[in-house]
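Coordinate analysis (summary)
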Amino acid sequence: MNTQFKKGVIELCVLKLISEKDMYGYEVVQELAKYIAIGENTIYPILRRLTKEDHFITYTVENPGSPVRKYYKITEQGKGRYIDLIQEWDTFIDQINQILKRGEIHG
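The text that follows walks through the structure, step by step, so that each part is easy to find. What you are looking at is a predicted structure, and each value in this text was computed from that prediction instead of being measured.

Conventions used here
Residues numbered from 1 in each chain as written. Predicted model: local features only at pLDDT ≥ 70, side-chain atom pairs only at ≥ 80, totals over all residues. Heavy atoms only, no water. Pairing = 2+ DSSP bridges. Helix = DSSP H or I, 4+ residues; strand = E, 2+ residues; numbered from the N terminus. Salt bridge = Lys/Arg side-chain N within 4 Å of Asp/Glu carboxyl O. Buried < 20%, exposed > 50% of the residue type's maximum accessible area, 1.4 Å probe, protein only. Patch = residues over 30% accessible without salt bridge, like charges linked within 9 Å, V, L, I, M, F, W, Y side chains within 5 Å. Areas by Shrake-Rupley, 256 points an atom, 1.4 Å probe, with all protein chains shown as cover. Axes fitted to C-alpha atoms, helices over the stretch in contact; angles between N-to-C directions. Parallel < 35°, antiparallel > 145°, perpendicular 65-115°, else oblique. Left-handed = near helix turned anticlockwise from the far one by under 90°. Contact = heavy atoms within 4.5 Å. Nonpolar A, V, L, I, M, F, W, Y, C, P; charged D, E, K, R; others polar.

The next thing to look at is the pairing of strand β3 (residues 69-74). In this sheet, β3 lies alongside strand β1 (residues 23-24) in antiparallel orientation, the contact comprising two bridges. Residue Tyr-24 lies in a different strand from β3, and its bridge partner there is Tyr-71. When strand β2 (residues 56-61) meets β3, the two strands line up antiparallel, connected through six bridges. What sits directly across from Ile-57, in β3, is Lys-73.

Set out below in structure tokens:
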């Protein structure tokens, strides 16, 4: 699969997860890994970029006996980005389905 396309889809998934609840980075990785082969080296740059673009804000939480965790919280701008990407995704899927549903495959 095209790397840029995959990164765009992963960005959409990250926005979706964090729109549901605040999450820390490794938690995002673990959740996505349930569905797709993904690693920290892919997720953390996306989290940093989305934070820099004001789609997320961050805050830290200290837990006794655990390292300090940086949580990501979606902003209004991030919610808007998520809605835009969902609309683009839906349009893209509709277009692809129109192609795939055309006629029979001839061998």
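Now that the structure is up, let's keep going.
The next subject is unusual backbone geometry. With the exception of glycine, the majority of residues adopt a negative phi angle, and the majority of peptide bonds are in the trans configuration. Unusually for a residue other than glycine, Asp-54 sits at a positive phi of about 65 degrees. Checked against the element boundaries, Asp-54 lands in the loop between α3 (40-52) and β2.

Take the pattern of salt bridges next. Side chains bearing opposite charge may pair, as long as their charged atoms lie close to each other. Counted under the stated rule, the structure contains seven salt bridges. For Glu-27, the salt bridge is made with Lys-21, and the minimal N-O distance between the two is 2.9 Å. Arg-49 is paired through a salt bridge with Glu-53; the nearest N and O atoms lie 3.3 Å apart. Exposure remark for Glu-53: the relative accessible area of 35% places this residue in the partly exposed category. Taken together, the shared-partner salt bridges in this structure form one network comprising Glu-11, Arg-49, Glu-53 and Arg-81.

Before going further, it helps to spend a moment on a nonpolar patch on the surface. A cluster of nonpolar side chains, namely Phe-5, Trp-89, Phe-92, Ile-96, Ile-99 and Leu-100, defines an oily patch on the protein surface of about 530 Å² accessible area. The element best represented in the nonpolar patch is helix α4 (residues 76-100), accounting for five residues. Here Ile-96 falls in the partly exposed class, since its relative accessible area comes to 31%.

A word on the packing of helix α2 (residues 25-33) against α3. Think of two packed helices as two axes; the pair is described by the angle between the axes and how far apart they sit. For the pair α2 and α3, the least separation of the axes is 10 Å and the interaxial angle reads 125 degrees. With respect to each other, α2 and α3 are oriented oblique. By crossing handedness, the relation of α2 to α3 is classed as right-handed. Within the contact between the two elements, α2 uses Gly-25, Tyr-26, Val-28, Val-29 and Leu-32 and α3 uses Glu-40, Ile-43, Tyr-44 and Leu-47. When grouped by side-chain class, the residues that make up the contact of α2 with α3 number seven nonpolar, one polar and one charged.

In spatial order, the strands read β1-β3-β2; together these three strands make up an open sheet with antiparallel pairing. With one partner strand each, in any of the chains shown, β1 and β2 form the two edges of the open sheet.

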